Amino acid sequence: MKFEIPFDENIYNEQMKLQFDNVWSEGFKKNKSKLYIGIPFFLLGILAVYGNGNIGYVFIVLSLLFFYKYYEYYQYYHKNKKRYFFESEKFSLEQKEVQDISVWEFKDEYFRYKCFKCEYKLDWSLFTGFEIIDNNIFIKTKDVNHSYIVGKSELGESEFSKIIEFLTTKIKTSA
């Protein structure tokens, strides 16, 4: 199967948002748990100190550590989010300027992707799975944070289904 897909800025931006959320969601949820643990520790510490218990200071110090770790990750998350969307927007403008048409080729021996900036021809052993999120197929590679994303709106219903069937025979699904 071979598809030539013209660049659509709206679809691209939606896919980049999905990609970012997919990669960062688990870490962001784990980070929130630090906040949920820190608050009760802080309250217990305040109550213990108020009741003249020295153990309260230990709880307050632990809660401050949890708050600091939460804040540290939060800053890291937002810095990376800003950088990611800046780079995505830059790439989007380049694709729009050259009126890019990407080529997606699904063969029994390999997967090939080509756009104006790069061309990849990858053996199926380099893929770890695929996932369908909001009518987009995320084809995951062994490079943890890299996926090839193609949407139903770009291909059409029947072609989208054909790709899913093909990928099922080639790589494991993770969702």
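In what follows, the structure referred to is the one given above.
Throughout this document, residue positions are counted from 1 along each chain, in the order its sequence is written. Local features in this predicted model are restricted to residues of pLDDT 70 or higher, and side-chain atom pairs are both shown and tallied only at a pLDDT of 80 or more, whereas totals for entire chains, interfaces and linings draw on every residue. Where side-chain values are given, they derive from all heavy atoms of the structure, hydrogens and water being excluded.

Turning our eyes to something else, we now look at the sheet that holds strand β6 (residues 136-141). A sheet is described by the order of its strands in space; here three strands give the open sequence β5-β6-β7, paired in antiparallel fashion. Edge positions in the sheet fall to β5 (127-133) and β7 (147-151), since each has one partner strand and no second. Geometrically, the sheet is characterised by an average inter-axis angle of 15 degrees between neighbouring strands, direction not taken into account. Taken strand by strand, helix α4 (residues 157-170) contacts β5, β6 and β7, and its axis lies near 25 degrees from that of β6. Strands were regarded as paired on the criterion that DSSP finds at least two bridges between them. Helical segments are the DSSP runs of H or I of at least four residues, strand segments are the runs of E of at least two, and each set is numbered from the N terminus. Whenever a helix is involved, its axis is fitted only over the stretch in contact; in every case the axis is a line through C-alpha atoms, and angles between N-to-C directions fall within 0 to 180 degrees. Contacts between residues were defined by any pair of non-hydrogen atoms, one from each residue, lying within 4.5 Å.

What follows deals with the pairing of β6. Think of it in three bands: residues with accessible area under 20% of the maximum for their type are buried, residues over 50% are exposed, and the middle band is partly exposed, with areas taken using a 1.4 Å probe on protein chains only. Counting buried residues in β6 gives five out of six residues, a clear majority hidden from the surface. Pairing between β5 and β6: six bridges, direction antiparallel. Residue pairing in the sheet places Glu-131 in a bridge with Phe-138 of β6. Between the antiparallel neighbours β5 and β6 lie two residues, among them Asp-134 with a positive phi of about 50 degrees. Sheet topology note: the β6/β7 ladder contains five bridges and is antiparallel.

Our focus in this paragraph is the side chain of Glu-131. Among the secondary structure elements, Glu-131 is positioned in strand β5. Accessibility expressed as a relative area gives 13% for Glu-131, which makes it buried. Here a polar contact is recorded for every N or O atom pair within 3.5 Å, except that within protein the pair must consist of a potential hydrogen donor and a potential acceptor, and residues adjacent in sequence are included only if both atoms are side-chain atoms. Within polar-contact distance, the side chain of Glu-131 engages the side chain of Lys-140 at 2.6 Å.

A word on the packing of aromatic side chains. Paired rings are identified among Phe, Tyr and Trp, the last through its six-membered ring, by centres lying within 6.5 Å, and are further divided according to the angle between planes into stacked (under 30 degrees), edge-to-face (over 60) and tilted (the rest). Within the structure shown, the criterion is met by 31 aromatic pairs. A centroid spacing of 5.6 Å and a plane angle of 50 degrees characterise the contact between Phe-20 and Tyr-77, whose relative ring orientation is tilted. Here Phe-20 is found in helix α1 (residues 9-50), whereas its partner Tyr-77 is found in helix α2 (residues 55-98), with 57 residues between them in sequence. An identical accessibility class is assigned to Phe-20 and Tyr-77; each is buried. Geometrically, the ring pair formed by Phe-28 and Tyr-77 is tilted, given 4.5 Å between the ring centres and 35 degrees between the ring planes. One end of the pair, Phe-28, is in helix α1; the other, Tyr-77, is in helix α2, with 49 residues separating them in the sequence. Put simply, the rings of Phe-3, Trp-104, Phe-106, Phe-111, Tyr-113, Tyr-120, Trp-124, Phe-127, Tyr-148 and Phe-166 pair up and form one aromatic cluster. The criterion is that NZ of a Lys, or CZ of an Arg, lies within 6 Å of the ring centre and within 35 degrees of the ring normal, and then a charge sits over that ring. One Lys or Arg, Lys-121, reaches over the ring of Tyr-110 and ends 4.4 Å from the middle of that ring.

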